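Descriptive structure summary
Chain by chain, the residues:
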Amino acid sequence: MTKLLHVAVGVIVNTDGKILIAKRPLSAHQGGLWEFPGGKVDAGETIEQALVRELHEELAINVLASQPLIQIRHHYPDKSVLLDVHKVTQFSGIPVGNEGQPVQWVDAKALPNFEFPAANRPIISAINLPEKYLITGTYRDEDDFIARLNKALAQGLSIVQLRIADFNLNTHQSLLNKTLAAVNQASARLVVNCSLAEFARIVAFLPEQNLGLHLNSHHAAAIHQRPVAPEVLLGVSCHNAEEIIHAQQIGADYLVLSPVLPTNSHPSVQSLGWELFSTLVEQSNVPVYALGGVGDEHLTVARSCGAQGVAGISAWW
């Protein structure tokens, strides 16, 4: 088995919410590309110690507070890396390219416009995805649906999966329009849980909208390559290691892994539990949300297991 080069990576956030990126020297591996600063973890060092040392050496800053963001294993033709990525939320000093490298503060949403090594791309997804992910649930009528949605959005939820059984544009066009209006008003993002054919119809009907696609495990299993353009947010529902591997092979930007805990909606389904959930997250190189019996109170444990955050229906619906 190829030995992984263990690297501590810092996503440095300033008080304006901008992210610091640096350009790799032309002579370096993946030279000339932009990156999130960091470096090799030395023997006997913790990730935190390596991050403090590397960012001081590279940028002349002192890390005061950080938290895990995502862990990525990536295999280049000539090298395999394990990236331990931490979000640096407090630091002292003014970042400069101590080694002569150009550095730049960038809006998080503008990061996809820069050319990064392939291993860095899931980091951009993790930066731009929130900790809490709303999935719509049952409703009496359209007014009840929108009232529930607005209540959730008012709590600060900024990504919504529109999940309706057998979604069909002919039947649900009015509800989709109202959902989009509410989501856009809250500056949130909408992903639609539906088939590829139905998503193509939605995009043709609403070409100006920045909609994402979420595939359930059955729809995902039927395809073998990424079904949408790179700029379209693609999520996949997973329940085991095989589905996690396949979701990454088809280019998923994030996963929803369930059920973590017992749920009233699926009482007969065996839950994963946090230990197995954590083990499965280690097999993913893209952000993972915990789903199933979880809510705000489970954010800390979910993050400690390597998750991006928690997804829920009943928690906020």
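This text follows the structure it describes.
Quantities reported herein were computed from a predicted structural model and do not represent experimental measurements.

1. Quick notes on the layout of surface pockets
What the largest pocket holds in volume is close to 1,200 Å³. If you trace the largest pocket, you find 35 residues lining it, with Arg121, Ile124, Ser125, Pro230 and Asp253 closest to the centre. Across the lining of the largest pocket, the residue classes tally to 17 nonpolar, 10 polar and 8 charged.

2. Let's talk about the sheet that holds strand S10 (residues 189–193)
Judged by pairing direction, the barrel is parallel, and its 8 strands sit side by side in the order S8-S9-S10-S11-S12-S13-S14-S15 before closing back on the first. Strand after strand, the sheet turns through a mean of 25° between neighbouring axes, direction not considered. Looking at chain direction, S10 and strand S11 (residues 212–215) are connected through 3 bridges and run parallel. Residue pairing across strands places Asn193 opposite His214, the latter belonging to S11. Each of strand S12 (234–238) and strand S13 (254–257) touches helix H7 (residues 241–249); the most contacted strand, S12, lies at about 165° to it.

3. A look at the pattern of salt bridges
Tallied over the entire structure, the rule returns 12 salt bridges. Of the charged contacts, one joins Asp144 and Arg148 as a salt bridge, the two residues approaching to 3.0 Å between their closest N and O atoms. On the criterion of helical spacing, the pair formed by Asp144 and Arg148 is a turn pair, its members being 4 residues apart in helix H3 (residues 142–154). Note that Asp253 and Arg226 form a salt bridge whose closest N and O atoms lie 3.1 Å from each other. Taken as a pair, Asp253 in the loop between H7 and S13 and Arg226 in the loop between helix H6 (217–221) and S12 lie far apart in primary sequence, 27 residues in all. The class of Arg226 is partly exposed, set by a relative accessible area of 24%. What emerges from the salt-bridge pattern is a single network uniting Asp42, Glu45, Arg53, Glu54 and Glu57.

4. Considerations on the side chain of Ser284
Its place among the elements puts Ser284 in the loop between helix H8 (273–281) and strand S14 (288–291). Sequence-distant contacts of Ser284, that is, excluding residues within four places in its chain, are made with Gln71, Ile244, Gln248 and Leu255.

5. Describing the environment of Val236
Of note, Val236 is situated in strand S12. Its relative accessible area of 1% is what places Val236 among the buried residues. Considering only alpha carbons, one finds Val236 and Ile313, 77 residues apart in sequence, at a separation of 16 Å. Those residues in contact with Val236 that sit more than four places away from it in its chain are His214, Leu215, Ala220, Ala247, Ile250, Ala252, Tyr254, Leu255 and Val256.

6. Brief notes about the environment of Pro37
Counting through the fold element by element, Pro37 comes out in the loop between strand S3 (34–35) and strand S4 (38–40). In this structure Pro37 touches Ala8, Val9, Gly10, Ile12, Leu20, Ala22, Leu55, Glu58 and Leu59, once residues within four positions along its chain are discounted.

7. Focus on the packing of aromatic side chains
In total, this model carries 9 aromatic pairs according to the counting rule given. Relative to Phe116, the ring of Phe36 lies with its centre 5.0 Å away and its plane at 15°, an arrangement referred to as stacked. One end of the pair, Phe36, is in the loop between S3 and S4; the other, Phe116, is in the loop between strand S7 (103–106) and helix H2 (121–128), and 80 residues separate them in sequence. Overall, the relative accessible area of 3% leaves Phe36 in the buried class. For Phe116, a relative accessible area of 4% gives the class buried. Geometrically, the ring pair formed by Tyr254 and Tyr289 is edge-to-face, given 6.1 Å between the ring centres and 85° between the ring planes. You can see Tyr254 sitting in strand S13 and its partner Tyr289 sitting in strand S14, a full 35 residues away along the chain. As far as burial versus exposure is concerned, Tyr254 and Tyr289 are alike and both buried. Taken together, the aromatic side chains of Tyr133, Tyr254 and Tyr289 make up a single cluster linked through ring pairs.

8. Details of the sheet that holds strand S5 (residues 62–75)
Taken together, the 4 strands give an open sheet; going across it, the order is S4-S1-S6-S5, and neighbouring strands pair in mixed fashion. Two strands in the sheet have a free side with no partner beyond their single neighbour: S4 and S5. Recorded for the sheet is a direction-independent mean angle of 20° between the axes of neighbouring strands. Summarising the sheet, strand S1 (residues 5–12) and strand S6 (residues 80–92) pair through 8 bridges and their orientation is parallel.

Criteria and thresholds
- Residues numbered from 1 in each chain as written.
- Predicted model: local features only at pLDDT ≥ 70, side-chain atom pairs only at ≥ 80, totals over all residues.
- Heavy atoms only, no water.
- 1 Å grid on protein atoms, 1.4 Å probe; cavity = no way out; pocket = protein on both sides within 12 Å on 5 of 7 lines; lining within 4 Å.
- Points joined across faces, edges and corners; volume = space filled by probe spheres on them.
- Nonpolar A, V, L, I, M, F, W, Y, C, P; charged D, E, K, R; others polar.
- Pairing = 2+ DSSP bridges.
- Helix = DSSP H or I, 4+ residues; strand = E, 2+ residues; numbered from the N terminus.
- Axes fitted to C-alpha atoms, helices over the stretch in contact; angles between N-to-C directions.
- Contact = heavy atoms within 4.5 Å.
- Salt bridge = Lys/Arg side-chain N within 4 Å of Asp/Glu carboxyl O.
- Buried < 20%, exposed > 50% of the residue type's maximum accessible area, 1.4 Å probe, protein only.
- Phe/Tyr/Trp six-rings, centres within 6.5 Å; stacked < 30°, edge-to-face > 60°.

By themselves, these are just geometric observations and shouldn't be taken as functional.
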